[in-house]
Amino acid sequence: MNWENLIINLECIDSLPTLPNVFLRVSQMLNDPMVTAKKLAEVIETDQAIAMKLLKIVNSPFFGFSRKIMTVQDAVVLLGFNATKNTVMTISVIRTLNHESKVEEFNMQDFWKHSIATGLVSRYLAKKTQVDAEKAFVAGILHDIGKIILEQYFQEEMEKVLHLMRTQKISFYEAELQVYKGTHCDLGSYLADKWNLPLPLIEVIDMHHTPGEASEEPKLVSVVHIANVVAKQLGYGCTRGAKEDELDSYAFARLDISASQLEEWAEDVQAYVEESQELFQILE
Ligand SMILES: [Fe+2]
Ligand SMILES: [Fe+2]
């Protein structure tokens, strides 16, 4: 099947995953200038699973709050509205898309570990390069969601891609282009668009392999582009046997950093990802 047929098939699927209602309500509420932490907390609490996970995450050392946060309202106050929305979005997307893999060669656990590690490295790099760190964190976590579409609805194509990638020692992205003339970037941005995710996130999902094409937030896309490769180098890859992705010099130029600068940060980045391991609890 080629890209055109794939997208036609996708249009016909009426069971595409949808995000939990609570996320949609939280997003809408933030457009209202009169919103309060209390109101936001009440909405989040209508979904107990999301509320519990939010509390678990804000109490992890990752956020570094010195006291234990007992209520959702406290969490909203301490995080602020935007970080709350981002965290609820991350929990929602993972809950929606994290399931048993339908493709034997594709390990779902490894996929999410790669995604979270990319989120963490993105957050680290964002802080170094004056990019919104929390936005970069979410963008990093979501960058590869198109792979889930492929795995979930187009198993035959996914299997062919993985096979080609390993036998020809090419990247997953290059193999996709050969197999169906499209990529997980196209599929992921299609889904993100259906979900009405913010434009900069759609762009990251669409262009994390081609950062030079970004127009909305090229620095954010560049951060995730580099973080994706760094996460793999740190051992958090999800496509074993692939050729290592190449770093686009555009991303370095856009962020005004050099490859040697990145190397200098390597140890620090590694320690940061390891310290934040408790975030993998989002998957439980
Ligand atoms: Fe990717
Ligand atoms: Fe990736």
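As the structure is a computational prediction, the values presented were derived from the model and not from experiment.

1. Remarks on the overall build of the protein chain
Turning to step 1, where the next piece is worked out: Within the protein chain, the regular secondary structure consists of 16 helices and zero strands.
Turning to step 2, where the next piece is worked out: Based on the C-alpha atoms only, the size of the protein chain along its principal axes is roughly 55 × 50 × 35 Å.
Turning to step 3, where the next piece is worked out: When the 284 residues of the protein chain are sorted by exposure, 43% land in the buried category.
Turning to step 4, where the next piece is worked out: Restricting to contacts in the protein chain with at least 6 residues of sequence separation, those with at least 24 account for 64%.

2. A closer look at the nonpolar core
Turning to step 1, where the next piece is worked out: Within the largest apolar cluster, 82 residues are counted, with the highest numbers of intra-cluster contacts made by Ile44, Leu54, Val88, Val121, Leu201 and Val223.
Turning to step 2, where the next piece is worked out: If near-sequence neighbours (up to four positions away) are discounted, Ile44 is found in contact with Val22, Val26, Ile50, Ala51, Leu54, Val72 and Val88.

3. Brief notes about the environment of Val161
Turning to step 1, where the next piece is worked out: As for its position among the elements, Val161 is in helix α10 (residues 155-168).
Turning to step 2, where the next piece is worked out: Sequence separation between Val161 and Tyr180 is 19 residues; the distance between their C-alpha atoms is 8.7 Å.
Turning to step 3, where the next piece is worked out: Setting aside residues up to four positions removed in sequence, Val161 forms contacts with Phe172, Ala175, Glu176 and Val179.

4. Thoughts on the packing of helix α2 (residues 21-29) against helix α3 (residues 37-44)
Turning to step 1, where the next piece is worked out: Where α2 contacts α3, the axes come no closer than 9 Å and their chain directions differ by 165°. As far as their axial angle goes, α3 and α2 are roughly antiparallel. In the packing of α2 onto α3, the handedness of the crossing is right-handed. From α2, Val22, Arg25, Val26 and Met29 reach across to α3, where they touch Lys39, Leu40, Val43 and Ile44.
Turning to step 2, where the next piece is worked out: When grouped by side-chain class, the residues that make up the contact of α2 with α3 number six nonpolar, no polar and two charged.

5. Considerations on unusual backbone geometry
In terms of backbone geometry, most residues other than glycine have negative phi values and most peptide bonds are trans.
Turning to step 1, where the next piece is worked out: Look at Gln130: it is not a glycine, yet its phi comes out positive at around 55°.
Turning to step 2, where the next piece is worked out: Mapping Gln130 onto the fold places it in the loop between α7 (108-128) and α8 (133-142).
Turning to step 3, where the next piece is worked out: One non-glycine residue, Asp256, lies in the positive phi region at around 60°.
Turning to step 4, where the next piece is worked out: Position of Asp256 among the secondary structure elements: in the loop between α15 (249-255) and α16 (259-275).
Turning to step 5, where the next piece is worked out: On the neighbour-count criterion, Asp256 (11 C-beta atoms within 10 Å) is exposed.

6. Thoughts on the environment of Ile141
Turning to step 1, where the next piece is worked out: Summarising the element assignment, Ile141 is placed in helix α8.
Turning to step 2, where the next piece is worked out: Taking the C-beta count within 10 Å as the criterion, Ile141 has 28 such neighbours and is therefore assigned buried.
Turning to step 3, where the next piece is worked out: The residues contacting Ile141, other than those within four sequence positions of it, are Thr90, Ser115, Ile116, Thr118 and Gly119.

7. What about the environment of Lys219?
Turning to step 1, where the next piece is worked out: Looking at the element boundaries, Lys219 is found in helix α14 (residues 218-233).
Turning to step 2, where the next piece is worked out: Separated by 87 residues in the primary sequence, Lys219 and Asp132 have C-alpha atoms spaced 9.7 Å apart.

8. Describing the packing of helix α9 (residues 145-153) against helix α12 (residues 184-194)
Turning to step 1, where the next piece is worked out: Between α9 and α12, the least distance of the axes is 7 Å, while the angle of their chain directions is 100°. By the criterion of interaxial angle, the relationship of α9 to α12 is roughly perpendicular. Facing α9, whose interface residues are Ile145, Gly146, Lys147, Ile149 and Leu150, α12 presents His184, Cys185, Asp186, Leu187, Gly188, Leu191 and Ala192.
Turning to step 2, where the next piece is worked out: Split into classes, the residues belonging to the contact of α9 with α12 amount to seven nonpolar, three polar and two charged.

9. A short note on helix α5 (residues 72-79)
Turning to step 1, where the next piece is worked out: For α5, the set of buried residues is Val72, Ala75, Val76 and Leu79. Looking down the long axis of α5, one finds its buried residues gathered within 100° of arc, a one-sided arrangement.
Turning to step 2, where the next piece is worked out: Considering only its buried residues, α5 is in contact with α3, α4 (48-58) and α6 (81-97).
Turning to step 3, where the next piece is worked out: Looking at the residues trailing α5, positive phi occurs at Gly80, about 90°.

Definitions and cut-offs
Residues numbered from 1 in each chain as written. Chains lettered and ligands numbered in written order. Predicted model: local features only at pLDDT ≥ 70, side-chain atom pairs only at ≥ 80, totals over all residues. Helix = DSSP H or I, 4+ residues; strand = E, 2+ residues; numbered from the N terminus. Buried ≥ 20, exposed ≤ 12 C-beta atoms within 10 Å, placed from the backbone. Contact = placed C-beta atoms within 7 Å. Core = buried A, V, L, I, M, F, W, Y, C linked by C-beta atoms within 7 Å. Axes fitted to C-alpha atoms, helices over the stretch in contact; angles between N-to-C directions. Parallel < 35°, antiparallel > 145°, perpendicular 65-115°, else oblique. Left-handed = near helix turned anticlockwise from the far one by under 90°. Nonpolar A, V, L, I, M, F, W, Y, C, P; charged D, E, K, R; others polar. Arc of directions from axis to C-beta.

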